[in-house]
Number of protein chains: 4
Amino acid sequence: MTQSQMNFNNVNIPEKLVPDNYLQLGLAAQRSKQRSFKELLEKRKLPENGWSDERIEELVHMLASLDSNNYPHKVGLGEREARIASKLVARRHYNFGHGIGRSGDLLEAQPKAAGSTLLARLTNALILDLIRGIGLPSCAGCFLVPMCTGMTLTLCLQSLRKRRPGAKYVLWSRIDQKSCFKAITAAGLEPVVIPCLIQGGSLNTNVDLFREKIKSLGVDSILCLYTTTSCFAPRNSDDIAEVSKLSKQWQIPHLVNNAYGLQAKEIVHQLESANRVGRIDFFVQSSDKNLLVPVGSAIVASFNESVLHDVASTYAGRASGSQSLDVLMTLLSLGRNGFQLLMDQRGENFIYLRENLRKFAELRGEIVLDSRCNSISLAITLATMAGDQMKSITQLGSMLHMRGVSGARVIVPGQNKTIDGHEFIDFGSHRSNLQVPYLTVAAGIGITQEEIDKFFDIFSKCWRQLFQTKNDKTMSLLETTIK
Amino acid sequence: MTQSQMNFNNVNIPEKLVPDNYLQLGLAAQRSKQRSFKELLEKRKLPENGWSDERIEELVHMLASLDSNNYPHKVGLGEREARIASKLVARRHYNFGHGIGRSGDLLEAQPKAAGSTLLARLTNALILDLIRGIGLPSCAGCFLVPMCTGMTLTLCLQSLRKRRPGAKYVLWSRIDQKSCFKAITAAGLEPVVIPCLIQGGSLNTNVDLFREKIKSLGVDSILCLYTTTSCFAPRNSDDIAEVSKLSKQWQIPHLVNNAYGLQAKEIVHQLESANRVGRIDFFVQSSDKNLLVPVGSAIVASFNESVLHDVASTYAGRASGSQSLDVLMTLLSLGRNGFQLLMDQRGENFIYLRENLRKFAELRGEIVLDSRCNSISLAITLATMAGDQMKSITQLGSMLHMRGVSGARVIVPGQNKTIDGHEFIDFGSHRSNLQVPYLTVAAGIGITQEEIDKFFDIFSKCWRQLFQTKNDKTMSLLETTIK
Amino acid sequence: MTQSQMNFNNVNIPEKLVPDNYLQLGLAAQRSKQRSFKELLEKRKLPENGWSDERIEELVHMLASLDSNNYPHKVGLGEREARIASKLVARRHYNFGHGIGRSGDLLEAQPKAAGSTLLARLTNALILDLIRGIGLPSCAGCFLVPMCTGMTLTLCLQSLRKRRPGAKYVLWSRIDQKSCFKAITAAGLEPVVIPCLIQGGSLNTNVDLFREKIKSLGVDSILCLYTTTSCFAPRNSDDIAEVSKLSKQWQIPHLVNNAYGLQAKEIVHQLESANRVGRIDFFVQSSDKNLLVPVGSAIVASFNESVLHDVASTYAGRASGSQSLDVLMTLLSLGRNGFQLLMDQRGENFIYLRENLRKFAELRGEIVLDSRCNSISLAITLATMAGDQMKSITQLGSMLHMRGVSGARVIVPGQNKTIDGHEFIDFGSHRSNLQVPYLTVAAGIGITQEEIDKFFDIFSKCWRQLFQTKNDKTMSLLETTIK
Amino acid sequence: MTQSQMNFNNVNIPEKLVPDNYLQLGLAAQRSKQRSFKELLEKRKLPENGWSDERIEELVHMLASLDSNNYPHKVGLGEREARIASKLVARRHYNFGHGIGRSGDLLEAQPKAAGSTLLARLTNALILDLIRGIGLPSCAGCFLVPMCTGMTLTLCLQSLRKRRPGAKYVLWSRIDQKSCFKAITAAGLEPVVIPCLIQGGSLNTNVDLFREKIKSLGVDSILCLYTTTSCFAPRNSDDIAEVSKLSKQWQIPHLVNNAYGLQAKEIVHQLESANRVGRIDFFVQSSDKNLLVPVGSAIVASFNESVLHDVASTYAGRASGSQSLDVLMTLLSLGRNGFQLLMDQRGENFIYLRENLRKFAELRGEIVLDSRCNSISLAITLATMAGDQMKSITQLGSMLHMRGVSGARVIVPGQNKTIDGHEFIDFGSHRSNLQVPYLTVAAGIGITQEEIDKFFDIFSKCWRQLFQTKNDKTMSLLETTIK
């Protein structure tokens with residue numbers, strides 16, 4: 001049989017080059033590596049332990065050599081031959097150029113690119129193995145889409161439309177994140193906003209309203225129910241179990257925006273059990289937010305493999321393979337244990353962040369809002385600080401940003417916003433009639449305790465400084481008044 | 001003012017490290033490089049001559065250092081902090097992680113990523129400068145979309161729908177390329193196929209039928225007219241000038257699929273003049289097919305800058321910046337002259353390919369189909385070869401493929417295909433009622449004369465071999481019959 | 001003043017490319033990096049904490065751009081213009097090509113290469129700072145020589161010869177390491193071997209014999225005294241304090257082979273105090289053994305800066321700069337704390353190895369030889385194992401080697417060897433009349449506890465297996481005899 | 001048999017990952033690559049055509065994986081385990097760390113490093129094949145020494161001394177290049193300078209004086225005759241044929257400094273024929289000057305393989321393998337044809353430079369000195385320019401240097417210099433009693449016609465400017481005198 005990469009199988013290395021006993025020792029040392037390659041390709045399972053960079057690159061180079069643009073004597077007479085003009089670009093793509101999929105089906109094999117095909121499918125297999133291993137054993141399939149989460153949600157909606165051409169409504173539990181909403185309008189569908197229930201300080205899915213809307217609009221006019229797991233506190237993850245039951249009961253598809261939910265075991269378990277009691281057609285997550293790769297792709301997963309092909313064949317064209325490469329390299333580099341460790345550390349750091357935030361709040365007369373079904377994001381009120389000058393509190397956000405803190409957001413009442421013709425009152429808070437401003441922070445995957453400590457340092461300083469300024473102003477106002 | 005990269009401005013290098021006169025010589029030598037950076041950023045024009053890899057990487061590293069994930073002491077408290085787990089992945093992305101755009105607008109600046117923002121916008125500016133320079137001075141704007149051409153066409157259609165919510169038909173001049181068609185159905189719109197006119201051996205736009213359909217369906221129900229420039233022979237580039245006139249007359253948007261048309265000066269000039277006499281809203285082209293980067297992105301361009309923002313804000317999410325990086329590096333590496341040279345060589349190689357194909361055809365009793373308005377692809381009949389066993393001729397395609405020729409396609413009658421519910425007779429030939437099988441080849445950008453020569457070598461051998469086989473079969477058939 | 005690297009000082013980035021407030025944040029984040037560059041170059045001290053790879057590469061690229069072969073418009077009319085044919089080679093050398101030094105002086109600045117000059121001198125300054133920091137504050141200077149330790153010792157001897165042209169003897173305390181001895185003969189000098197004193201199981205410097213030889217041969221005929229610190233147990237580090245006193249008393253130069261002594265604080269302190277009570281002209285150490293870079297260079301250090309120039313100017317030509325680059329990158333990557341940590345861990349691992357070796361020995365009726373003045377290497381007897389078949393015990397070495405253990409050596413009596421005309425009895429044991437075979441192992445810098453644990457696993461298994469084999473043989477011998 | 005690199009031999013890639021027919025095509029395409037690896041290792045010949053960077057790196061990675069420091073589960077218990085602390089350093093060395101050779105023999109195999117051993121020996125084999133192919137078929141062997149040419153010459157002298165311990169004189173035909181001379185003193189030997197004959201404007205070997213010195217000093221006291229081929233005009237290459245005859249006649253070794261002579265076919269042929277009529281023990285050349293790699297190594301070659309081992313075993317220690325890697329990658333990248341092309345172009349560019357220099361000289365009343373046996377370097381007089389102010393003419397050199405011209409040297413009378421106790425009158429001119437200043441330029445391998453054109457542009461401008469200044473000065477001097 002032919003071979004694809006260099007090896008010494010049929011080479012008689014002369015003794016003049018290296019004594020045979022030294023060579024044999026070197027060759028023997030490769031066995032475990034060989035086994036790992038064989039196992040990966042044959043079993044398509046994520047290795048327990050991460051691989052070295054060298055081993056990963058060896059695999060990647062080998063795959064690239066199977067693509068036609070890398071054949072030593074290729075003759076390209078077509079309009080798309082994966083010629084790469086810049087050496088730098090070729091190098092950073094390991095000479096992959098052909099992308100993945102075939103004229104409008106992301107999962108089809110590409111005849112010009114056996115290596116890219118293998119790369120894409122292997123990546124999907126490893127992601128599936130990862131997803132199953134972290135708590136979603138019922139997951140039936142998944143694949144990477146080299147577009148953002150929002151566009152991938154749009155793709156899912158478009159594929160559903162082909163099945164339900166008469167349906168135009170998407171019942172959507174409000175979450176104030178633009179792309180999530182725009183995913184509906186981009187598909188040319190009609191969003192029906194289901195406001196959250198305000199319970200204590202937190203926001204929960206209004207399942208009853210979902211039910212009512214199904215009845216009032218009629219099952220056939222509804223394309224799907226659309227919920228979100230990971231979100232900014234004090235909004236909780238949607239009650240996807242209850243919505244799944246509705247989905248099952250009425251046979252309306254259910255789409256879950258699981259943007260950064262793969263990193264939290266609570267959400268993962270919620271998905272698994274929701275599927276058991278009801279129906280979830282697709283759950284979609286961002287690669288960058290969950291797998292620590294650069295922004296650029298999302299993962300569509302399903303408990304039903306066949307529906308995935310509908311999504312894949314809705315993508316009109318051949319897609320970038322670069323994101324699959326990023327995910328493949330990252331998963332091989334981490335291994336199952338590496339990813340599990342990151343998840344565990346994230347969980348611990350979330351608790352560490354919450355406990356410290358509570359202490360911080362208590363000392364300053366604020367509270368951490370009680371969003372128990374949110375295991376990633378936390379919200380702390382800015383009531384005492386804001387007083388009656390709520391808008392000025394937004395300054396806190398930019399103070400933090402200026403000092404290197406990214407990702408903390410200040411939400412104040414009165415920020416209305418219109419997106420594609422739909423008006424959202426108090427945008428950013430996931431609700432209308434917000435009274436108390438607050439700040440959200442999150443413990444995302446990869447965060448370190450050191451970062452959390454630094455954050456509180458900076459947060460304390462900013463708080464003190466803002467307070468000082470405010471009191472000075474009040475004082476001078478008082479003085480002015482007295483005079 | 002602050003500095004972003006290392007330089008010696010405020011550093012007093014001690015004489016102990018290097019004699020000052022040697023150092024000064026080294027510093028002086030950097031001036032032209034400095035000037036090139038300044039000019040690029042201030043004028044946003046493509047350099048005349050290509051840059052060295054070292055210079056390109058210096059710029060790219062510098063830009064990356066402006067993104068928040070690369071700040072030395074960053075504290076990430078959000079859900080998306082562009083942490084990159086694998087060193088290999090970080091390295092191949094030059095530590096860029098944040099992608100481009102901001103929650104649903106590809107052209108907005110990203111507060112966490114000044115460098116990525118700069119990268120994306122600079123890339124768009126250079127592409128615009130390139131497009132204007134090669135023959136489209138009226139082009140008003142353009143931007144790179146990190147999705148395939150088909151999905152980008154869908155995005156354009158989706159943005160048009162926001163402007164014309166009541167319209168559902170897309171009038172589409174038939175071209176047998178799947179993604180082009182699926183771009184319509186993916187958007188949930190209704191394609192109206194306008195078959196081509198068969199004139200001599202070639203296929204041309206049926207402008208009259210376009211006009212009739214506009215009248216019969218009604219202007220308000222039509223979302224847009226949709227034409228294609230670059231295509232496989234013997235289909236010609238659509239008569240976009242005439243369709244543009246209809247577009248202007250009836251005020252119906254006009255979308256042009258210019259997949260690989262940027263590489264051919266004939267098509268470029270056709271676009272420029274069509275706009276002068278009529279209306280083109282968007283023309284969309286593949287980055288990989290025109291700019292020699294890996295598959296993964298397309299460029300939307302327009303003669304009207306404002307409509308581009310509608311497209312950009314239809315993308316639901318934050319997108320991959322990797323494709324912008326590829327295009328930026330490639331354009332800087334080529335320079336204006338490098339790209340022009342590639343275009344010129346392609347033009348010459350097309351003529352070389354055509355002349356040789358004609359000679360090849362003549363010797364074998366075949367003809368090269370006369371598609372004068374196609375300056376990239378050519379079709380040669382396989383009549384004598386096929387005889388009455390047309391299907392068997394597809395074997396020629398795989399014989400070529402097996403010998404390293406990619407991109408040559410054999411088209412035989414009778415290949416019907418249904419895509420998203422629409423049936424296409426004789427799919428691949430852009431027409432119904434195909435009589436004679438043929439083979440297409442293309443002279444794409446980057447092709448070399450050496451490749452063309454090799455192709456004819458291989459083609460001749462395969463032809464001979466097939467002929468031999470066929471005759472043997474005929475002979476043995478005869479023999480069988482005689483017996 | 002001119003600038004060498006890209007920065008935004010004089011560039012007016014248009015708002016169209018990036019909003020100024022985002023840009024300013026990005027620029028501000030560079031300040032600490034800027035400060036680190038400035039400090040490094042101005043103060044020439046090793047940073048406390050290691051730098052990121054990105055920062056290191058930025059510095060290196062910047063330095064390379066100062067070399068004439070990297071000037072954008074250079075014109076090379078000489079015989080040595082540092083042109084590099086292979087892109088891969090250029091890339092791995094960061095485009096450095098000119099090497100260091102100038103026709104026969106390693107420390108002179110190279111007019112064609114301000115960057116290489118800076119690189120080499122900065123590296124030397126950082127090594128000096130490191131050496132002083134880890135316990136040798138009196139060290140006056142040092143520099144890297146891109147040759148192995150042995151050749152560098154030869155270079156020192158050659159430079160001494162220029163000062164003492166009439167002297168031909170080198171008084172050398174025996175150590176059975178080939179290069180150390182060949183360093184003398186390579187220089188064309190006459191070695192006078194001073195055998196070690198055997199005290200208990202360990203070997204110590206015979207200071208009295210040194211004294212006698214000085215008297216008998218005459219001071220003027222002796223080029224230098226030549227001692228060794230780091231060595232294989234059970235030889236101890238030479239008593240360099242006492243030899244230094246002789247050196248001072250008789251005004252004979254003293255050269256110390258400190259091959260891998262920089263990693264052990266005991267040896268470092270020994271050097272510092274020996275210099276206080278006596279005289280050391282040079283101490284020479286391997287870069288790879290101490291600084292964890294690839295094999296290829298050594299460091300000459302002295303308590304007297306002026307004598308270093310004699311060594312540097314003895315090197316006949318211009319030398320490779322590649323080794324300086326390795327050391328620079330490594331030191332910046334580790335920082336002072338990183339290196340100190342490695343030293344501390346090594347110390348702990350040595351104790352861990354010794355304790356486990358003692359337990360291993362005790363259980364098997366062997367002993368760990370008592371070489372108290374050796375804090376890197378350890379020797380365990382193989383008496384019970386060997387019995388009367390000493391030669392067969394060498395098999396243990398290859399068994400370990402085959403199982404991935406490298407660096408363990410088995411020494412057996414009777415291995416005589418002649419090097420450049422000098423015969424050494426029981427070569428490898430640093431002594432004559434060896435009785436008991438033994439095995440040496442070392443805890444070198446970078447060793448991990450995990451490796452030590454694995455070693456004992458493998459060692460135990462091999463021991464068991466060998467013992468089994470031996471007993472079987474004895475048994476069968478007995479049987480044979482009986483029969 | 002075991003395999004060292006990934007391949008698909010024993011891997012059953014499931015159809016789910018990639019269709020088998022696509023995969024087979026990809027695998028088949030690797031055959032020519034496989035063949036090239038096999039051929040290289042089995043035949044150890046330089047490939048006719050250069051390899052792609054990807055292929056070269058695949059080979060290099062494969063070799064590195066054979067070294068013990070890259071075994072997946074290695075346990076390092078020695079003092080030298082090739083641990084590499086910095087990822088950047090490891091990457092740039094492709095994880096090679098062990099260097100080449102074994103305690104004092106550069107050509108011995110290293111048990112810990114089968115890959116490095118193979119690398120070094122393969123490199124030497126390819127260099128030998130190259131040397132033979134370009135005109136030295138009688139060359140019997142050669143090897144790369146990772147030291148500069150000067151130190152390598154010293155190494156040769158040291159190895160000769162072991163054979164001729166009583167001899168101390170080195171008869172050396174004067175050439176004013178420091179390292180060449182210092183190579184003798186570094187070895188502790190006594191140089192006997194043989195001044196050149198001044199014939200016309202050029203300098204030639206004084207063969208008679210060589211003969212006289214042999215007679216007067218006595219054969220046994222002479223270590224070797226030492227000549228130089230490549231040198232600055234107007235000195236010619238030494239008459240090595242005649243000196244070789246002396247060497248053979250008197251049985252005195254003959255060492256040739258062939259620093260950059262491998263690039264000139266005239267010198268190559270001179271060496272081949274000198275060996276036929278006489279004796280050459282070693283000829284030594286710089287890798288960087290001839291093979292376009294960074295400074296750092298030299299090549300010792302001989303017509304007698306056995307004497308090479310003496311040199312290799314004189315190197316005291318284990319040496320850097322980095323230079324072998326550079327040369328290997330460069331030779332594979334160029335191939336035999338690539339190197340031959342560079343040699344041919346150099347030859348043409350030398351003629352182009354000479355013709356233009358002659359025209360330049362003629363127009364300005366100067367001459368190009370007639371050094372017919374120098375096919376690399378040229379000298380043009382600066383008589384008219386200098387007038388009676390010869391020293392001021394050195395300014396011309398720095399003017400050229402400031403404008404980016406490197407390698408041009410101005411030689412003026414009166415520059416005496418003492419090196420290691422030997423005084424050289426008119427140093428730089430290879431002679432005493434220099435009358436006319438001159439400038440030398442060289443056409444080294446890799447020079448382009450564009451560079452030569454630029455040089456004359458700059459040279460003309462500097463000439464004009466200097467002349468202007470000089471006349472102004474003379475005028476003002478006249479004026480002063482008149483007053």
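Residues numbered from 1 in each chain as written. Chains lettered and ligands numbered in written order. Predicted model: local features only at pLDDT ≥ 70, side-chain atom pairs only at ≥ 80, totals over all residues. Heavy atoms only, no water.

Put simply, the rule reads: UniProt positions are given in the numbering used here, feature names are shortened, and annotations may be inferred rather than shown by experiment.
Going by what an unreviewed UniProt entry lists, chain A is known as O-phosphoseryl-tRNA(Sec) selenium transferase and is assigned to Drosophila mauritiana. The record in UniProt for chain A states the following under Subcellular location (unreviewed entry): "Cytoplasm". Its UniProt record, at the heading Function (unreviewed entry), says of chain A: "Converts O-phosphoseryl-tRNA(Sec) to selenocysteinyl-tRNA(Sec) required for selenoprotein biosynthesis."

## Notes on the packing of aromatic side chains
Inclusion rule: Each Phe, Tyr or Trp ring, with Trp reduced to its six-membered ring, pairs with another whose centre is within 6.5 Å; inter-plane angles below 30 degrees give stacked pairs, above 60 give edge-to-face pairs, and intermediate values give tilted ones. Lysine NZ or arginine CZ positioned within 6 Å of the ring centre and within 35 degrees of the ring normal marks a charge as sitting over the ring.
Counting across every chain of the model gives 48 aromatic pairs over all chains. Here R55 of chain A stacks its cationic end above the ring of W51 of chain A, 5.8 Å away from the centre of that ring. The positively charged end of R364 of chain B is found above the aromatic ring belonging to F360 of chain B, 3.6 Å away from the centroid.

## A word on the interface of chain A and chain B
To keep it simple, the criterion reads: Any two residues whose heavy atoms approach within 4.5 Å are treated as being in contact. Here the quantity called buried area is the total loss of accessible area, with a 1.4 Å probe, experienced by two parts when brought into contact, counted for both. Salt bridges are identified by distance alone: a Lys or Arg side-chain nitrogen within 4 Å of an Asp or Glu carboxyl oxygen.
Listed by partner, the interface residues are 93 residues for chain A and 93 residues for chain B. Approximately 7,500 Å² of surface area, both sides summed, lies buried where chain A meets chain B, with 55% of it carried by carbon and sulfur atoms. If you sort the residues of chain A by the area they bury against chain B, L77, E79 and R92 of chain A come out on top, with a joint share of 12%. In this structure, the connection of chain A to chain B is made through eight salt bridges. Put simply, E451 of chain B and R83 of chain A hold a salt bridge, and the shortest N to O gap is 3.2 Å.

## Observations regarding the confidence of the model for chain A
The following threshold applies: Values of pLDDT, which run from 0 to 100, indicate the predictor's confidence residue by residue.
Confidence along chain A averages 94 in pLDDT terms, with 96% of residues attaining 70 or more. Here the prediction assigns the complex a pTM of 0.95, and the interface score ipTM is 0.95.

## Digging into the interface of chain B and chain D
What counts, and what does not: We define a polar contact as two N or O atoms separated by no more than 3.5 Å, with the added condition that, inside protein, one atom must be a possible hydrogen donor and the other a possible acceptor, whereas residues neighbouring each other in sequence contribute only through side-chain atom pairs.
Across the boundary between the two partners, chain B contributes five residues, which contact five residues of chain D. Note on chain B versus chain D: buried area summed over both sides is about 480 Å², and carbon and sulfur give 71% of it. Run the count over chain B and chain D and you get zero salt bridges. Scanning the region where chain B abuts chain D turns up zero residue pairs in polar contact (both at pLDDT 80 or more).

## What to know about the relation of the copies chain B and chain D
The pair of chain copies shares a relation made of a rotation about an axis and a shift along it. Stated precisely, the cut-off is as follows: The copies were overlaid with a least-squares fit restricted to C-alpha atoms from residues scoring a pLDDT of at least 70 in each copy.
When chain B is fitted onto chain D, the two copies agree to an RMSD of 0.1 Å after a turn of 180° and an axial shift of 0.1 Å. Here the transformation between the copies is reduced to the relation of a two-fold axis. The rotation axis passes nearest to the C-alpha of K87 of chain B in chain B, at a distance of 5.0 Å. When the interface residues of chain B are mapped onto chain D, 100% of them are again interface residues, pointing to one common binding face.

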